[in-house]
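Residue-level structure breakdown
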Amino acid sequence: MQRAPAGGLVRRRRKIAGAYCGACFVALLLAYVLLVRASFGDEDVATGNAAELAKPPPVAAGVLPLSNRNSRNVAASDAASSTLLVAGRETTTDSECRPDSEKRPGQGCGRRCEEHGLGVCCKDVLVSASEAPFYDDVPWELSFDESHVPGPITPARHSKDPIRTSSNPSLPLQLHGCRAAGGEGLRIPLWLPPLWRELTTAFDLPSLSSRLSRPDTGGGSVLVVWIPSKFMPPQKPGKNVRGELVEAATKGSNNSYYLEQYQALWATSYTSGDMAYHAQVVSRDALVVCFWERLHINQYNCAAKPDGPRVAIHFCQCRHCADKFSSTVPVEKNAANPPTPPQAPLARYAARRPPDASVFVTVSDPESKRQLQCIDAGTAPWLVRRKHKPAFKYEGLHNDLKRLLEVQADENRVVLVYIFNKFWVDHLHNVVFSMTKHAGFSNFIVATLDCESLELCMKNRLPCLNAERFAEAESDMKVGGAGHKKGFQRKVTEELSWIKPRLALKVMSLGFRFLMADMDMSWWTNPMDNVITRQADFVHQCDTPNKQSINTGFYLLHDNAHTKALFQNILVFPPWRLSDQNALKLAVRYDHTHDASSICLDRWKFNMKCNYKVDKSEKSVNGVRTFKWKPQQRRRDLFDWHIFHATCLDGAVAKIDWLRASNAWFLDDLDAATHQPYCLVTDDLILTNETRTTMHSAKYPTKLDESYLQERH
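What you see is a predicted model, and the numbers here were worked out from it, not measured in a lab. (Residues numbered from 1 in each chain as written. Predicted model: local features only at pLDDT ≥ 70, side-chain atom pairs only at ≥ 80, totals over all residues. Heavy atoms only, no water.)

Focus on the overall build of the chain
Let me state the cut-off plainly: Runs of E in the DSSP output that reach at least two residues are strands. Runs of H or I that reach at least four are helices, and both are numbered from the N terminus. Here's how the labels work: a residue is buried when its accessible area is under 20% of the maximum for its type, exposed when over 50%, partly exposed in between, all with a 1.4 Å probe on protein chains only. The contact criterion used throughout is that any non-hydrogen atoms of two residues lie within 4.5 Å. Only the protein chains shown count as covering a residue, and every accessible area follows the Shrake-Rupley method with a 1.4 Å probe.
What the chain contains, in helices and strands, is 21 helices and 28 strands. Classification of the 713 residues of the chain by burial places 54% in the buried group. Pairs at least 24 apart in sequence give 75% of the contacts found in the chain among residues at least 6 apart. Surface exposure of the chain reaches about 33,100 Å², of which carbon and sulfur atoms provide 53%.

Pasting the structure below:
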């Protein structure tokens, strides 16, 4: 038989078991307390306690806090590190890319490195960080500060019924006055006193003021006021450029949706007079709601004392009101806009066009003492062999944006930027040749979207910029994807267009004027005097005579606070929902917080195909929209335009066909001149009997005649 345990041993076992049960009870009790506190104990945030408001709120791991993030958080690299910079990302090896799970949005070696392998695509663009800093050491300020992104809304922050009645009108109104975004004094509107009483009760105003972002810096939070009755009913889904269904952006007057969608820190609903208002401290991205609803956005910068901090209040006022404050009137006769920093006088541009538009220039050969007809290497650098000229001044700067801008800018600090992927290589050759040869303008860079395009650009010896981290990822453009297969017939998507405003902000932050031009155009004369002397911050091409028209295929931004605020503000739009062009149309019309002026360029001097569309001629042919077209001038001696833009067409090939039929595809002239041995002149060399020709992506169709221009297409 088994012996019974001794009495002492039994007592020790009972003590251990009791201690274990006690520990379990304490742990359960502690968990319960923490759970209750997490659910109901966050009232400091709900009421806007200043100490809690100043704390960085939590961000769920692995979760992108906001659903419509457009802006990027691109950290500057350490130029002193020994890492290698490979086509837009830092790495210590060229053997592989980091997996997508380890990348933040917008980061990574080219998004196609997984398909190509660094050895294939990025091998030729490896540079030491000590030799070429990763862009520059100036931080890029486009990103939403994720340390200030509010966490998921808890019941304490957002109750099922957040409606409140008006504030106690007996409380003293500690409000000195308000100013508009431009600095002019404003009358106090009826809706403001009840809200101000709530704010002064709920917040420490200096902390709230510092929390709310200024319009020219982006990121942070905003205090926005809506009138729910002004919202549109929920709309039907639409389609993007690829034909995919996109759910409607508008959700009616559902305040709860907007609270949750943009993760409000604080919210209140109140009445003033017979109108109901809703206010909330929320992610800056929530301002996109006002754009979706077509509500004019005005800004009130209000203070409790003359020298007190100003609280920025964004008021989404009305849909069909004037473009100025309809409920406020300036009260200061001498109110003025913020002072503009002094600028040096603008240099004038010399208009230059060879009378015969010849490909050749006449040079004197010092050896033979003869006059030679040569091609200027600056108009077609891809023709120059490296053994004759090892490097142009801009080569090797593709990862150093600041230095590249300094090298390429003109005396007015204007730099033109082209956006390039490999399917537009023919347009790249044509636009560079026509711009440098006929217009005499050479202050440009080529921003490449991916690893393949960077390699192709560098092989063509152009001033290339590795701009992949500014680009929006397009899932169908992976190798083998639907968009990649379409190639030269693929439409330009909404996502692709957002590289423009992101680059514009970066270029302006470095102190340069940003000139944007699409590649689907030809140049004939220098337009810069016509562009830079216009009295506006934002000078752009227009599709129609409508004053609200904007075409982002050609525009100039002056480097100032107004243009930065305008382009910063449009980053609230989801890049997958609409293009930068449509976002700018909404911002210029409805957003009155940036105070930027804009103006259209002459439609015929800055010509485009859309100008020749016959009104009311639209007809669907095999599921494709087609139009009739008016006659256009094809004689070059009668051309009266600076640029000719192939708008109202989709795909690189279709645009080539139209420019060739218009007698404006100047690359044909270069091809004819290099069909036999030719002379090539650089800044210090004359090279004879050269045979290199321009690389084409595909064989061109037979040159189309004038009848094609008026056929339905």
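Overview of the state of the cysteines
Just so we agree on the cut-off: Disulfides are defined as pairs of cysteine sulfur atoms found within 2.5 Å of each other.
Taken as a whole and judged by the stated rule, the model has six disulfides. One disulfide in the model links Cys178 with Cys302; its S-S distance is 2.1 Å. Given an S-S torsion of about 105°, the disulfide between Cys178 and Cys302 has right-handed geometry. Of this pair, Cys178 sits in strand β4 (residues 177–179) while Cys302 sits in strand β11 (residues 297–303), placing them 124 residues apart in sequence. Of the residues examined, Cys302 reaches a relative accessible area of 0% and is grouped as buried. Note that Cys542 is cross-linked by a disulfide to Cys600, the S-S spacing being 1.8 Å. Across the disulfide from Cys542 to Cys600, rotation about the S-S bond amounts to roughly -80°, and the bridge is consequently left-handed. In this pair, Cys542 sits in the loop between β20 (538–541) and β21 (551–557) while Cys600 sits in strand β22 (residues 598–600), placing the two residues 58 residues apart along the sequence. On the basis of relative accessibility, which here comes to 23%, the residue Cys600 falls in the partly exposed class.

Here's the deal with the sheet that holds strand β23 (residues 606–608)
Within a sheet, neighbouring strands are paired by backbone hydrogen bonds and run either parallel or antiparallel to one another. Spelled out, the test is: Should DSSP find at least two bridges between two strands, the strands are regarded as paired. For every element, the axis is a line fit to its C-alpha atoms; helices are fit only across the contacting stretch, and the angle between N-to-C directions ranges from 0 to 180 degrees.
In spatial order, the strands read β19-β26-β23; together these three strands make up an open sheet with mixed pairing. Edge strands, defined here as strands with exactly one partner in the open sheet, are β19 (521–523) and β23. Along the sheet, successive strands turn relative to each other by an average axial angle of 20°, direction set aside.

A closer look at the packing of helix α15 (residues 499–509) against helix α17 (residues 561–569)
Heads up, the rule is: The labels follow the angle: roughly parallel below 35 degrees, roughly antiparallel above 145, roughly perpendicular from 65 to 115, and oblique for the rest. Each crossing gets its hand from how the near helix is turned against the far one by less than a right angle, where anticlockwise is left-handed and clockwise is right-handed. For this scheme, ten residues count as nonpolar: Ala, Val, Leu, Ile, Met, Phe, Trp, Tyr, Cys and Pro. Four count as charged, namely Asp, Glu, Lys and Arg, and the remainder, Gly too, count as polar.
With their axes 10 Å apart at the nearest point, α15 and α17 run at an angle of 150° to one another. Comparing their axes, α17 and α15 come out roughly antiparallel. Of the two possible hands of crossing, α15 and α17 adopt the one that is left-handed. Together, Pro501, Ala504, Leu505, Met508 and Ser509 of α15 and Thr563, Lys564, Phe567 and Gln568 of α17 make up the contact between the two elements. Counted by class, the contact of α15 with α17 contains five nonpolar, three polar and one charged residues.

Concerning unusual backbone geometry
The phi angle at Lys616 is positive, at roughly 60°, despite the residue not being glycine. Secondary-structure assignment places Lys616 in the loop between β23 and β24 (619–621). The backbone phi angle of Cys648 is positive, close to 60°, even though this residue is not glycine. Within the fold, Cys648 resides in the loop between β26 (643–645) and α19 (652–661).

Remarks on the pairing of strand β6 (residues 221–226)
Most of β6 is tucked away, with six of its six residues classed as buried. Side-chain alternation along β6 places Ser221, Leu223 and Val225 on one buried face and Val222, Val224 and Trp226 on a second face that is also buried. Here β6 pairs with strand β10 (residues 275–283) via six bridges, running antiparallel. Each bridged residue has a counterpart across the sheet, and for Trp226 the counterpart in β10 is His278. As paired strands, β6 and strand β12 (residues 311–316) are joined by three bridges and run parallel to one another.

Examining the environment of Ala180
As for its placement among the helices and strands, Ala180 is situated in the loop between β4 and β5 (185–186). When its relative accessible area of 3% is taken as the criterion, Ala180 is described as buried. Taking the C-alpha atoms as reference points, Ala180 and Asp595, 415 residues apart in sequence, are found 9.7 Å from one another.

Describing the nonpolar core
Spelled out, the test is: Nine residue types can take part in a nonpolar core, namely buried Ala, Val, Leu, Ile, Met, Phe, Trp, Tyr and Cys, and a core is a set of them joined through side-chain atoms within 4.5 Å.
Grouped together as the largest cluster of nonpolar side chains are 135 residues, with contacts concentrated most on Leu503, Phe514, Trp523, Phe554, Phe567 and Phe573. The element contributing the most residues to this core is strand β15 (residues 414–420), with seven residues. Sequence-distant contacts of Phe567, defined by excluding residues within four places in its chain, comprise Pro501, Ala504, Leu505, Phe538, Tyr555, Leu557 and Leu584. With 28 residues, the next largest nonpolar core counts Leu186, Trp191, Leu195 and Ile313 among its residues.

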